[in-house]
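# Architecture and fold: a report
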Amino acid sequence: MFRFRKPERRSTLDVWIACGFFFVAYIAAALFDLNDSWRLWTQPFRMIGLDALPMALAITVGIIVWFAWRRWQEGEESRLALSETVERLQVEVEERKHAQEIAQVLSETKNEVLDNEYQRSEQLAQVSKMGDFLAAASSPEELKEISAKCLRNLLPHLTVGVMFADKSFSRWQLHSAWGEHHERIHPHVDAEQCWVLRRGQQYADQSNTQTMLCNEANVTELKTVACYPIFCREMQFGVLHIRSAEWQEHILSAEEEKMIVGVCNTIGLHFYNAQLRAELSMASNRDELTGLLNRRGLGNTLKREITAAGQQGYKVTVAMIDIDHFKAYNDTYGHPEGDKALKFIAEQLASNLRARDVVARYGGEEFILVLPNTTKAEAYKKLKAMLVSINKASVSSSECCKPITLSIGIATSPDDQTDEERLVKLADTALYAAKKRGRNCVIPYISPHANNRIATTQA
């Protein structure tokens, strides 16, 4: 930086310097008789009056001129230095301004990055929570509800439709939709109408409605569409449909699309696992030959009915059923014919029951019935009529090689027992009594404390 003296101080100093030079010039002219010499020198110029000019004044004027020239040089130097300083200051100001702009851009970028990271962490937290809820879902309907809510939280500002397959995987129904003009999303789509379902891959199109390949997307206002499959192991459980009324090169950013694809794959995996669990449950709780509940599948059902009967004050009757002389039937006609007879009896028992009644294959040629809200007397009457009906049907059926008769033992809760295992044992005891009595009959269990025998009734 340059420091400049005050103008008043500099002017005063110049005056004193000029006076000093004048005084020195005056003394010099007096001592050396310079005035006479001046007159001799200026003889040729008398016409212009130079000879009358005192020598001291002439010298003073010369010195002043010299000083003026020096001051002008110094001024020029100061002006140049000042100009350079101003230019340098302007450059510094511009650099500082540019630095501030860069700092502001960096700050905004940093804030944007932080916002994006926060949103991404929030989305990842939602996806993680969704996975926990999907894993805990107990039915396909719960899976659909959880999936739709999660996708809505992840894509709240877009027009979105979520479709899920029906039981036959022939049509995909719209389960949930949101966003602008969401009511215009088609309520259902078939496999042949959807490129996502046909190809098993995501589909995106950015064009006008006249050239879009997706017929279901051809709405006048629609300009961009993107669909993502919800699938696992080539099983198409659903479709995520996103649309926009404006032309966009990409509805979702690359990061968002990567996340949505992962979410759809996760949802598809949980649907696949749920289907596997249902199939395993069916296989473990159902008899493969007859399609009825097996012994394992019956356990929870019987316990649940006995508990409900105790709470609501009604009776539950259990009937143990055995096909008479079935071993001889197998030995005579072979096991394939025996299997046909078992399926025939299973169908007859199921067709003679109410919607709430339960029939299961207990093992071998034994079946068990659970009759809620049925007294022992009502069960006895119903089962006796069933014996006659099944016997007549076996006579005319091509599935049976000879007429089939049944032996049945019954026990009732809470009259006889409230524990499901003991109740089944009591019904089995009554069944043993029916066989001993001669088969083709219904025997109700009667407690020994009420009567020291099993009451037998000939069918």
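Here goes a summary of the coordinates provided. (Residues numbered from 1 in each chain as written. Predicted model: local features only at pLDDT ≥ 70, side-chain atom pairs only at ≥ 80, totals over all residues. Heavy atoms only, no water.)

### Quick word on the packing of helix H9 (residues 335–351) against helix H10 (residues 376–396)
Put simply, the rule reads: Angles here are taken between N-to-C directions and fall from 0 to 180 degrees, while the axes themselves are lines fitted to C-alpha atoms, restricted in helices to the stretch in contact. Numbering of helices and strands runs from the N terminus, with a helix taken as a DSSP run of H or I at least four residues long and a strand as a DSSP run of E at least two residues long. Our angle categories are set so that under 35 degrees counts as roughly parallel, over 145 as roughly antiparallel, 65 to 115 as roughly perpendicular, and the remainder as oblique. It is the rotation of the near helix from the far one that decides the hand of a crossing: anticlockwise by less than a right angle makes it left-handed, clockwise makes it right-handed. When checking whether two residues touch, look at their non-hydrogen atoms; a contact exists if any pair is within 4.5 Å.
Close contact between H9 and H10 brings their axes to 11 Å; oriented N to C, the two are set at 135°. Classed by the angle they form, the pair H9 and H10 counts as oblique. Read as a crossing pair, H9 and H10 show a hand that is right-handed. Where H9 abuts H10, its residues Phe344, Ile345, Gln348 and Leu349 lie against Met386, Ile390, Ala393 and Ser394.

### As for helix H11 (residues 420–437)
The condition that has to hold: Here a helix's expected span is defined as the number of its residues, less one, multiplied by 1.5 Å. To sort residues, take the accessible area from a 1.4 Å probe on protein chains only and compare it with the maximum for the residue type: under 20% means buried, over 50% means exposed, and anything in between is partly exposed. Identification of polar contacts relies on pairs of N or O atoms within 3.5 Å, with a donor-acceptor requirement for protein atoms, meaning one able to donate a hydrogen and the other able to accept it, and with residues adjacent in sequence counted only if both atoms are side-chain atoms.
The end-to-end C-alpha separation of H11 is 26 Å, in line with the 26 Å expected for 18 residues at 1.5 Å each. Restricting attention to buried positions, one finds in H11 the residues Leu423, Val424, Leu426, Ala427, Ala430, Leu431, Ala433 and Ala434. Elements in contact with the buried residues of H11: helix H7 (295–312), strand S7 (316–323), strand S8 (358–363), strand S9 (366–372), strand S10 (406–413) and strand S11 (442–444). Regarding H11, its N-cap is Asp419, as a side-chain oxygen of that residue lies 3.2 Å from the backbone nitrogen of Glu421 further along.

### Some thoughts on the pairing of strand S2 (residues 171–178)
The line we're drawing: When DSSP finds at least two bridges between two strands, those strands are taken to pair.
In terms of strand pairing, strand S1 (residues 159–165) meets S2 through six bridges, oriented antiparallel. What sits directly across from Phe164, in S2, is Gln173. The turn joining S1 and S2, which pair antiparallel and follow one another in sequence, is formed by five residues; a positive phi near 55° is taken by Phe169. As paired strands, S2 and strand S3 (residues 188–190) are joined by three bridges and run antiparallel to one another. Paired with Trp172 across the two strands is Val189, which belongs to S3.

### Things to note about the sheet that holds S10
Judged by pairing direction, the sheet is mixed, and its five strands sit side by side in the order S8-S9-S7-S10-S11 without closing on themselves. Because the sheet does not close on itself, it has two edges, and the strands there are S8 and S11. Between one strand axis and the next, the sheet turns through 20° on average, direction left out of account. Relative to S9, S8 runs antiparallel, the two being bridged by five bridges. Within the sheet, the bridge partner assigned to Arg361 lies in S9 and is Phe367.

### Some remarks on unusual backbone geometry
When glycine is set aside, most residues are seen to have a negative phi, and most peptide bonds are trans. In this structure, the amide linkage connecting Ser413 to the following residue, Pro414, adopts the cis form with an omega of 10°. For Pro414, the location among the structural elements is in the loop between S10 and H11. In this structure, Phe169 is a non-glycine residue whose phi angle is positive, near 55°. Relative to the elements of secondary structure, Phe169 occurs in the loop between S1 and S2. Positive phi, close to 60°, is recorded for His181, a residue that is not glycine. Tracing the sequence through the fold places His181 in the loop between S2 and S3.

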